Structures are given as C-alpha cells and as structure tokens.
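Close look at the chain arrangement
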Amino acid sequence: MDCRIIKIGGNVVDNPELLRQFLNDFAAIEGAKILVHGGGVMASRLQKALGQEPVMAEGRRITDAETLKAVTMVYAGWCSKNIVAGLQGTGCSAVGLSGADADLIRAVKRPVLSIDYGYAGDVDPHGVNTDFLLMLLRAGITPVICAITHDGHGQLLNTNADTIASCIASALVPVGNISLTYCFEKDGVLYDKDDDGSVIPEIGPEDYRTLKEEGRIAAGMIPKLDNAFNALHSGVGRVTITHARCLQSGKGTIIRL
C-alpha cells in the first residue's frame, strides 16, 4: 500500500483560512494518506491564559506537569477535532487520534542530559502500531494524529510532531512506497530567514551541515530536518518541506541523501 504522510505545523492550524484551503487540498489526494499535526502556537496561547510561561529549548517545548495538561487539551482536543470536522466537511472520512489511542504510538520519557525536557517523549518506528494504521487505511479512514504519545505505563508524553511524522513514515516503509511532506507557513527551507523568496530547492547532508555551521538553520527547523534525513535513511522514498498552500504543486525544498 502506497501512502503519503503529511504533517502540518501549528501556524497553519491556527490560521482558519489557510487551514481550510489545506484540508481541501489534502482531501483531494487520492489513495492512502495520514495527517500529523502540531498546534504549538495555540498551546502557548493557552499556557499564557492559564498563567503559565511557555519555555522552549533548541526548538522543543519544556513540558512540566501543567504544560502537559495544556498541550494535551490543545493537541488532542480542539486542534484534533477541528481538523477532523474540517475533513468530514470535505467528504474525507477521518478519525482523530493521540498516540495513547489503540496503543498507536509508544514513547519513552526523554532522559535528562544537558536539558531536562520534562514529560517529553522520544519515539522510534518500532513504537508505531502499524497494524492499526493499516486497518484504518484499508477501511478508507484517514488517521489524523496529534503530538501526544504514551509510555505504556499510564503516562502521557509530549512528542515533537515532526518526529511522529518521520517515525510513522519509516514504520510504513515495508508496506509500499511512502512519501513524507512537512507543510508550514513558509515556501520551504529559507537561506535567509528574513527573505521569504530565498527558498533552498534541495538540501543534502553536506548542505545541511554547512547551513547549520553558518547559522542559517536553527530553532524549530533543526528537528524538522533531522527527522527528514532520518526518514530517508529508513527508506522513505521522498521528503519535501513546503508551504501548506503548495501541497498539490510539489514546490518547496526537497531533502535528499
């Protein structure tokens, strides 16, 4: 079974007009597809409304117990169901899931090294319940997966959505041709973060090392690219980073080995 794994970022989820256009384009994709979504912008807004101050380190959210409650409410609640409702409106049958549902994605709490990320979960392709995903896909149901996982012992964990998308794509490699697309609010990976026209058409491992050394890639783009290369190393056929409105055009930045 060929399948497209598509991940959308929080800035897309938080933009009703852009999200509506994206969901229409996503629904028009023929064949099996899986949508993974973030929601960090909305999570940070809720945290502030609750009197919490969001804390980030190296593009990832520090997740203490109260932060975990907030991100779960946003990712597995409002964001998930809003996206699913939008897809139902296009005629695309979908179901919203967290990693805890049907033991979909097991993770382990990230060990404390230089930074204590709190209740952050690390996951690999072996933690993905591919049998359940394939059952849904064969039934014509599109999984919509948020960035909440679990450890198998009753603990929810906050997991980077880019990592989840990469691991799901990698886990499905044995079943067919798998592609992975990261959609966000830019036209691709930018050479100059302040110039939206400076899209890099293609990035290989050596390009990536150089761009990081030059400081042109930082913060949230680093885990996105790390996960893109991990997916390719696992056998995923194609990885692209593009704007949410360019889902159908194929424009953006192609990641290659």
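Quick summary incoming for the structure in this document.

Thresholds applied
- Residues numbered from 1 in each chain as written.
- Predicted model: local features only at pLDDT ≥ 70, side-chain atom pairs only at ≥ 80, totals over all residues.
- Heavy atoms only, no water.
- Axes fitted to C-alpha atoms, helices over the stretch in contact; angles between N-to-C directions.
- Helix = DSSP H or I, 4+ residues; strand = E, 2+ residues; numbered from the N terminus.
- Parallel < 35°, antiparallel > 145°, perpendicular 65-115°, else oblique.
- Contact = heavy atoms within 4.5 Å.
- Nonpolar A, V, L, I, M, F, W, Y, C, P; charged D, E, K, R; others polar.
- Expected span 1.5 Å × (residues − 1).
- Bend = angle between axes of the 7 residues up to and from the residue.
- Salt bridge = Lys/Arg side-chain N within 4 Å of Asp/Glu carboxyl O.
- Buried < 20%, exposed > 50% of the residue type's maximum accessible area, 1.4 Å probe, protein only.
- Phe/Tyr/Trp six-rings, centres within 6.5 Å; stacked < 30°, edge-to-face > 60°.
- Lys NZ or Arg CZ within 6 Å of the ring centre and 35° of its normal.
- Pairing = 2+ DSSP bridges.
- Polar contact = N/O pair within 3.5 Å; in protein donor to acceptor, adjacent residues only side chain to side chain.

1. Focus on the packing of helix 6 (residues 161-171) against helix 8 (residues 221-233)
In contact at an axis separation of 9 Å, helix 6 and helix 8 are set at 5° when each is read in the N-to-C sense. Comparing their axes, helix 8 and helix 6 come out roughly parallel. Each of Asp162, Thr163, Ser166 and Ser170 in helix 6 lies in contact with helix 8, whose residues at this interface are Lys224, Asn227, Asn230 and Ala231. Across the contact of helix 6 with helix 8, the residue classes break down as one nonpolar, five polar and two charged.

2. Description of helix 4 (residues 65-90)
When the terminal C-alpha atoms of helix 4 are compared, their 37 Å separation across 26 residues agrees well with the 38 Å that a helix rising 1.5 Å per residue should span. Roughly 35° is the biggest bend found in helix 4, and it falls at Ser80. Following helix 4 by one or two positions, Gly91 has its phi on the positive side, about 90°.

3. A look at the pattern of salt bridges
Under the definition given, this model contains 13 salt bridges. Across the pair Asp103 and Arg106 runs a salt bridge whose closest N-O atoms are separated by 2.8 Å. A relative accessible area of 39% means that Arg106 is categorised as partly exposed. One salt-bridge network, held together by shared partners, links Lys7, Asp162 and Lys224.

4. Some thoughts on unusual backbone geometry
Phi is positive for Ala102, which is not a glycine, with a value near 55°. Residue position: Ala102 is located in the loop between strand 5 (94-97) and strand 6 (108-109). Here Ala102 falls in the partly exposed class, since its relative accessible area comes to 41%. Backbone geometry places Asp103, a non-glycine residue, at a positive phi of 55°. Within the element layout of this structure, Asp103 appears in the loop between strand 5 and strand 6. According to the relative accessible area criterion, Asp103 is partly exposed, its value standing at 31%.

5. Quick notes on the packing of aromatic side chains
The geometry of an aromatic ring pair is captured by the separation of the ring centres together with the interplanar angle, meaning the angle of the planes. Applying the stated criterion across every chain, the model contains two aromatic pairs. With a centroid separation of 6.0 Å and 25° between ring planes, the pair formed by Phe22 and Phe26 is classed as stacked. In this pair, Phe22 and Phe26 both sit in helix 2 (residues 16-27), four residues apart, roughly one turn of the helix. With a centroid separation of 5.4 Å and an interplanar angle of 25°, the aromatic rings of Tyr208 and Phe229 are classed as stacked. Placement of Tyr208 in helix 7 (residues 205-213) and of Phe229 in helix 8 is noted, with a sequence separation of 21 residues between them. Take Phe229: its relative accessible area is 7%, and that puts it in the buried class. Sitting over the ring of Phe26, Lys33 keeps its end group 5.7 Å from the ring centre. The side chain of Arg110 reaches across the aromatic face of Tyr117, ending 4.6 Å from its centre.

6. Things to note about helix 3 (residues 40-49)
Of all the residues in helix 3, the buried ones are Met42, Ala43, Ser44 and Gln47. Summarising the contacts, the buried residues of helix 3 are in contact with helix 1 (10-13), strand 4 (60-61) and helix 4. Residue Gly51 follows helix 3 closely and has a positive phi angle near 85°.

7. Focus on the sheet that holds strand 12 (residues 202-203)
The eight strands lie next to each other as 5-8-2-1-11-13-14-12, forming an open sheet whose pairing is mixed. At either margin of the open sheet sits one strand with a lone partner, and together these are strand 5 and strand 12. As judged from the six bridges shared by strand 11 (residues 178-184) and strand 13 (residues 238-243), these two strands associate in the parallel manner. Bridge pairing links Phe184 to His243 in strand 13. Together, strand 1 (3-8), strand 2 (32-37), strand 5 and strand 8 (142-145) form the strand contacts of helix 4, whose direction differs from that of strand 5 by roughly 175°.

8. Section: the pairing of strand 11
Along strand 11, seven of the seven residues are buried, which leaves the element largely enclosed by surrounding structure. Side chains Ile178, Leu180, Tyr182 and Phe184 of strand 11 all project onto a buried face; the interleaved residues Ser179, Thr181 and Cys183 project onto the opposite face, where all are buried too. The pairing of strand 1 with strand 11 spans six bridges and is parallel. Bridge assignment links Arg4 to a residue of strand 11, and that residue is Ser179.

9. Structural notes on the environment of Asp122
Tracing the chain through its elements places Asp122 in strand 7 (residues 121-122). When its relative accessible area of 29% is taken as the criterion, Asp122 is described as partly exposed. Linking Asp122 and Asp64, residues 58 residues apart in sequence, is a C-alpha distance of 15 Å. Residue contacts for Asp122: discarding those within four places in its chain leaves Ala107, Val108, Arg110 and Pro111. A distance of 2.9 Å separates polar atoms of two side chains, one belonging to Asp122 and the other to Arg110.

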